[in-house]
Amino acid sequence: MITDFRLPLGDLVSDGIDVLTDSLRPLFDLIRLVLVSLYEAVEFVLLSPPFWAIIIIAAALAYFVKGWKFAAGTIVGLFVIVGVNQWENSMASLALVLVASAIAIAISVPLGIVAARSNRASATIRPILDFLQTMPAFVYLVPALILFRVGVVPGIVATIVFAMAPGVRFTELGIRGVDKEVVEAGHAFGSSPWRILRQIQLPLAMPTIMAGINQVIMLSLSMVVIAGLVGGGGLGSDVVQALSRIDVALGFEAGLSVVIIAIYLDRLTAALSGKRRTMWTPWRTKATITEAAPSPAPAAATADARVGASV
Amino acid sequence: MRAPKENVSSTSSVSVSVSVRNLYKVFGRRPKDAVTQLQSGASRSELGPHETAAVIDASFDVKKGEIFVVMGLSGSGKSTLIRTLNGLLEPTSGSVAVNGIDISNVPAAKLREVRQKNVSMVFQHFALFPHRTVLDNAAYGLEVQGVRRAERLERARKIVNIVGLDGWADKYPSELSGGMQQRVGLARALATETDILLMDEAFSALDPLIRREMQEQLLELQAELGKTIIFITHDLNEAMFLGDRIAVMRNGRIVQIGTPEDILTDPANDYVAQFVQDVDRARVLTAGAVMEPARAVVPLSAGPRSALRVMRDLQAGAAFVLGPGRTLLGVVSDRHVMRQVKSNETDLSRVINQEHASVPADAALVDLFELAVESPLPIAVIDDKRRLLGVIPRVTLLAALGNVPTNTTPINIIEPVSIIPDAELDAMLASPELTSAAASTEGTLA
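Residues numbered from 1 in each chain as written. Chains lettered and ligands numbered in written order. Predicted model: local features only at pLDDT ≥ 70, side-chain atom pairs only at ≥ 80, totals over all residues. Heavy atoms only, no water.

## Some points on the packing of helix H5 (residues 87-117) of chain A against helix H10 (residues 193-228) of chain A
All names here are of chain A. The line we're drawing: Between N-to-C directions, angles cover 0 to 180 degrees, with each direction set by a line fitted to C-alpha atoms, over the stretch in contact for helices. Each helix is a run of H or I in the DSSP string that is no shorter than four residues. Each strand is a run of E no shorter than two, and both are numbered from the N terminus. Note on terminology: angles under 35 degrees are roughly parallel, angles over 145 are roughly antiparallel, angles of 65 to 115 are roughly perpendicular, and the others are oblique. Crossings are sorted by hand: turned counterclockwise from the far helix by less than a right angle, the near helix makes the crossing left-handed, and turned clockwise it makes it right-handed. Here, residues are in contact when the closest pair of their heavy atoms is within 4.5 Å. Any residue that is not Ala, Val, Leu, Ile, Met, Phe, Trp, Tyr, Cys, Pro, Asp, Glu, Lys or Arg is counted as polar, Gly included; the first ten are nonpolar and the last four charged.
The geometry of H5 relative to H10 is characterised by a closest axis approach of 7 Å and an angle of 140° between their N-to-C directions. When the interaxial angle is binned, H5 and H10 end up oblique. Here H5 runs over H10; the crossing is right-handed. Here Ser93, Leu96, Val97, Ser101, Ala104, Ile105, Val109, Ile113 and Arg117 of H5 lie close against H10, whose contacting residues are Pro193, Leu197, Gln201, Leu202, Ile209, Ile213, Val216, Ile217, Ser220, Leu221, Val224 and Ala227. Considering only residue class, the contact of H5 with H10 consists of 16 nonpolar, four polar and one charged.

## What to know about the pairing of strand E15 (residues 379-382) of chain B
Residues and elements named next belong to chain B. Heads up, the rule is: Throughout, exposure labels follow a simple rule: accessible area from a 1.4 Å probe, protein chains only, divided by the maximum for the residue type, with under 20% read as buried, over 50% as exposed, and the rest as partly exposed. At least two DSSP bridges between two strands are required for those strands to pair. With the strands aimed away from the viewer, a crossover counts as right-handed if its path from the first strand over the helix to the second runs clockwise.
The alternating pattern of E15 places Ile379 and Val381 on one face and Ala380 and Ile382 on the opposite face, and all of these are buried. In this sheet, E15 lies alongside strand E14 (residues 358-360) in parallel orientation, the contact comprising three bridges. Opposite Ser358, over in E15, you have Ala380 as the bridge partner. Taken together, E14, helix H16 (residues 369-374) and E15 form a β-α-β motif whose crossover is right-handed. Inspection of the sheet shows E15 paired to strand E16 (residues 388-392) by four bridges, in the antiparallel sense. What sits directly across from Val381, in E16, is Gly390.

## Focus: a nonpolar patch on the surface
All names here are of chain A. Short version of the rule: What makes a patch is a set of residues exposed beyond 30% relative accessible area and free of salt bridges, joined within 9 Å when like-charged and within 5 Å when nonpolar (Val, Leu, Ile, Met, Phe, Trp, Tyr). Surface exposure here means Shrake-Rupley accessible area, sampled with a 1.4 Å probe, where a residue is shielded only by the protein chains that are shown. One side-chain nitrogen of Lys or Arg within 4 Å of one carboxyl oxygen of Asp or Glu is enough to make a salt bridge.
A cluster of nonpolar side chains, Leu20, Leu24, Leu27, Leu30, Leu33, Val34 and Leu38, forms an exposed patch at the surface whose accessible area comes to about 570 Å². Here the element with the most residues in the nonpolar patch is helix H2 (residues 25-47); it accounts for five residues. Secondary-structure assignment places Leu30 in helix H2. Residue classification places Leu30 among the partly exposed positions, given a relative accessible area of 48%.

## Side note on the packing of aromatic side chains
To keep things clear, this is the line we draw: In this analysis, rings of Phe, Tyr and Trp, with Trp reduced to its six-membered ring, are considered paired at centre separations within 6.5 Å, and the interplanar angle assigns stacked below 30 degrees, edge-to-face beyond 60, and tilted for intermediate values. Should the NZ of a Lys or the CZ of an Arg lie within 6 Å of a ring centre and within 35 degrees of the ring normal, that charge is described as sitting over the ring.
Counted by the stated rule, this structure contains eight aromatic pairs over all chains. Arranged with centres 6.2 Å apart and planes meeting at 65°, the rings of A:Phe51 and A:Trp87 form a pair that is edge-to-face. Of this pair, A:Phe51 sits in helix H3 (residues 51-65) while A:Trp87 sits in helix H5, and the two are 36 residues apart along the sequence. A relative accessible area of 31% places A:Phe51 in the partly exposed class. For A:Trp87, a relative accessible area of 9% puts it in the buried group. Among the aromatic residues, those joined into a ring-pair cluster are A:Phe51, A:Phe79 and A:Trp87. Of note, B:Arg212 hangs over the ring of B:Phe241, and the distance from its end group to the ring centre comes to 3.9 Å.

## Concerning the packing of H10(A) against helix H11 (residues 234-245) of chain A
Residues and elements named next belong to chain A. Contact pair H10 / H11: the axes reach a minimum separation of 6 Å and the direction vectors enclose 60°. Relative to H11, H10 is oriented oblique. Once H10 is placed against H11, the crossing between them reads as right-handed. In this structure, H10 contributes Val224, Val225 and Gly228 to the contact, and H11 contributes Gly236, Ser237, Val239 and Val240. Across the contact of H10 with H11, the residue classes break down as four nonpolar, three polar and no charged.

Right under this line is the structure:
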């Protein structure tokens, strides 16, 4: 008896997607067009210059945010990618990651701000994030495939959905973690909520938000391979190919390229968030404070002066 | 002044900066109901489990230019109270008026304007903006007001110098010690040029020496700027040192409002009495509060013989000599006067010793110890025209510190005790010239 009953959840969602596809076709076509153009524009920027130009720029960036060791590692890593003939695939995947994470950040940071400002919004958003984050990533591909058809776009959309959660969570955490008294000080001097957000909460939450952005980018990269399943191109398609052909060599080379790009992006964004933090917590404070602290002598002197004056 | 609720007649008076009437602040699910309960006599503990009454029926006026200290232990509601004064917390019931503007029911924009132009605040843990330099911190209030960058930095720099941070303007708060950070907090509040300053446990996070220094600096600044300061503290000594008037809070209610001396000498209830037990009385009590009527005094016109008579009667070895209008001329000792009597001199002024200790009535007792040690005579308390108001013998000084009620039961000791044998004095005073001079002395002293 009991086995006959079945919750028709899957059918419901499937029907819902069908309705969406039928009624909002033009909207999804528009989104598809926008995402494709964005992706192609970024890919064009990355692929049209010779590979060594991109490597020089990446290394310069690495040197600027962290130092020469990171720059040297960047050059070695990227040359390895060129050496295993995965440069074009890597740039295609990088373009996908950049577009997807940029959009994920653009959605998740404001959502995080909203969640930080209202307990009700936070309570609403949190279970949705749990859902998005723990649902197996492949599952997003199916509806994305139906809505946006085969190609790079379902990959980007699935990546955005999957990678968004830490952006929201870290932003909320960062803003809620700003010293309450400091925010109160903003109010006490008559600042508007917008000014407090812009001048106090966001700057002070920035290290945490940057950590969230770092996580968004890393999760995007991990989705690249899965995007290959739906024709996302780039490194993902080579990995998928290697899997279907049991081609260990190809699989390793494509996989290694993903790892190199991942490490580069991780260290880059981590260094960015770290840099902001050091700006206002210099390491040299302790020694200077003890020397500079005003001596108690003036206090005693004024007390004496008062006695003298009163006699 | 001593009653929990102050009897205030007018709210529109110009001399009142902040006026609080029947203020309640209850946190919880049904705050309004809790207020109704409290108003009909319920105590704080009788409220529901979800309601917490932080401030109960507070009414007081803060006068322009005074330092009004709200003192209480943690949980007494003082921090909540101060936050209703600039609208950081909205009162559950009752009203708060700042410079005549009722801020308990105004739109957010108006409230922001009041905060920008009328009330600024200094915080317990400084609440500086760690990503801004000292100068930019100090300029924050002006920035919010929309003052142009060049002007606000210039004005902020002046204030930064006034609070003693010249040379530190371009540092970040984390590079400063606690005392210096709170100077930045003070500068940030002063730079806005609001006439009301809220200070929420502003010096509590500082170590004692720095705290003392900041308190003294605040008083110096206050003498110069004449702000209205509402200062929250849990430290009674701090309250007594800074406050022109003090409101003592307990369990959300104001139990006494009065001057430091009122509270020390005449506590409203056992709680306040217990609280003031540990206070450093020497810093609070003034010479005027503990002095006793001067008894060993002679008018200059009385002459040596009647001076000696006075000292003999009081068993004193010295007496204060007063000129016209009770102005204090100096001190004569019995030995010198006796020599004069022996050689039949009549001008007392020739033996007056002018080097005696005298203090104004508002001198703190702590400043009298050294004088009391050095001088064998009671310390004279004089007003600004050098008129003798009273004297403080060492015994009185000690009694005041020990909280012995000196004013109600005078201690019958006159210092210094005479060292000349009674018989010799009696013999001296038995001579015929005595009567007329003695009569005139009695008249003056009465």
